[in-house]
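# Structural description and commentary
Residue-level listing of the chains:
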Amino acid sequence: MTRIALLASILLTGCAGLSRESHALNPLGWPAKAFTLAGGAAADSGWPLVRETGRLFCAIGELAEAPALAVEGLVTLDGNRLGGAGQQLLVGTGSTFTAAWNVPFFVMPGGNIDLARDVDLVNEALMTMEQLPPQAWRIGPDDARTSIFPPGTRARASGQNVIYTIPGHGEVLQAAEANQAWNFLQWSFGTDFPAQERSWGFVVRSGAHWDKLQPRQRALTILHEFYHQHMQMRQWLLGWTLVYWPAYQVTFPFTGWHDHWAEMGGPHAAGVVDRALGAWSQI
């Protein structure tokens, strides 16, 4: 029971450090790797339906790693692989539900947004955040974070997208898309937020709206949305964005953006990025 409790504790506090992929010679893991390889290439494309299908394939690949890792862990008595199997089961299930839900909405985007042009500023911002003491960006006394992203996190361009290499987490693709539904909601409520997060990146009103932002403001926004995407949705909630969005929307009318748990009002808030990069973004 002690080992089970320890495994549950590890999974609930994040996925970093656990095995994410089965051994290359384990045939049980070959379907997972095929889905991941094909899905990654498709998700990095600029074709809407292909892109959404690729995201689904990537999620299925994560889920399919669970049985392969479980067998390896049982045969070798490796707790890291057993923990990885549980991690991939949880993350893969949540991600697969999310990706399957998103596929029919491929008709909504208005085209890819070029994030790659700002990748050098994104890396400069990542280094800037690493150099700041936590007291400079923490939100409230309950915020115990020692870093915003794992130290050493860096980005590289891939077409119009950005791929992050995150120590202990692997590689994560971030994309951005113009979205007519988001544009209509902004117009309806008279708001003008620069972006809204998704499990694969974020949406903006239009390419023209995005281009109006100053380059450093774009880099700040890219990293703010990446915090939502990876540190909140992926690590904290283990891929279950179907939990994230109801929790976000139900609480927002009572708190607004400045006091919201996902934005500026709690120990998991993405607002740490804004606090850390506020002065940098104005240079």
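It should be noted that the structure appears before, not after, this text.
Let me begin by describing the structure that accompanies this report. Note that the structure is predicted; figures quoted are calculated from it, not measured. (Residues numbered from 1 in each chain as written. Predicted model: local features only at pLDDT ≥ 70, side-chain atom pairs only at ≥ 80, totals over all residues. Heavy atoms only, no water.)

### Thoughts on the overall build of the chain
- Helices and strands together make up the secondary structure of the chain, namely 10 helices and 6 strands.
- In summary, the chain has a C-alpha radius of gyration of 19 Å against a globular reference of 19 Å for 283 residues, a match within 12%.
- Judged by the C-alpha coordinates and their principal axes, the chain covers about 55 × 45 × 35 Å.
- For the chain, with 283 residues in total, the buried portion stands at 46%.
- Long-range contacts, defined here as pairs at least 24 residues apart, represent 66% of the contacts in the chain between residues at least 6 apart.
- Of the roughly 13600 Å² that the chain leaves accessible, carbon and sulfur atoms contribute 67%.
- Computing the positive centroid from 18 side-chain charges and the negative centroid from 23, the chain places the two 1 Å apart. (Helix = DSSP H or I, 4+ residues; strand = E, 2+ residues; numbered from the N terminus. Rg over C-alpha atoms; globule rule 2.2 N^0.38 Å. Buried < 20%, exposed > 50% of the residue type's maximum accessible area, 1.4 Å probe, protein only. Contact = heavy atoms within 4.5 Å. Areas by Shrake-Rupley, 256 points an atom, 1.4 Å probe, with all protein chains shown as cover. Lys, Arg positive; Asp, Glu negative; His and termini not counted. Charge placed at Lys NZ, Arg CZ, Asp CG, Glu CD.)

### Examining the nonpolar core
- Core analysis: the biggest nonpolar cluster contains 37 residues, and Met129, Ile148, Phe149, Tyr164, Leu223 and Val273 have the highest contact counts within it.
- Within the residue set of this core, elements represented by two or more residues are α5 (119-131), β3 (161-166), β4 (170-179), β6 (201-204), α8 (215-236) and α10 (271-277).
- With 7 residues, α8 is the single largest residue contributor to this core.
- In contact with Ile148, other than residues within four places in its own chain, are Met129, Trp137, Tyr227, Met231, Val272, Val273 and Ala276.
- One finds Met233, Tyr244, Trp245 and Ala262 within the second-largest nonpolar core, a separate group that totals 5 residues. (Core = buried A, V, L, I, M, F, W, Y, C linked by side-chain atoms within 4.5 Å.)

### A few points about the pairing of β6
- Across 4 bridges, the pairing between β4 and β6 is parallel. Within the sheet, the bridge partner assigned to Ala178 lies in β6 and is Val204.
- Here strand β5 (residues 196-198) pairs with β6 via 3 bridges, running antiparallel. What sits directly across from Gln196, in β6, is Val203.
- From the end of β5 to the start of β6, which pair antiparallel, there are 2 residues. (Pairing = 2+ DSSP bridges.)

### Remarks on the packing of aromatic side chains
- The full count for this structure, using the stated rule, is 15 aromatic pairs.
- Geometrically, the ring pair formed by Tyr244 and Trp245 is edge-to-face, given 5.1 Å between the ring centres and 85° between the ring planes. When sorted by exposure, Tyr244 lands in the same class as Trp245, which is buried.
- Their ring planes at 40° and their centres at 5.8 Å tell us that Tyr244 and Tyr248 sit as a pair that is tilted. (Phe/Tyr/Trp six-rings, centres within 6.5 Å; stacked < 30°, edge-to-face > 60°.)

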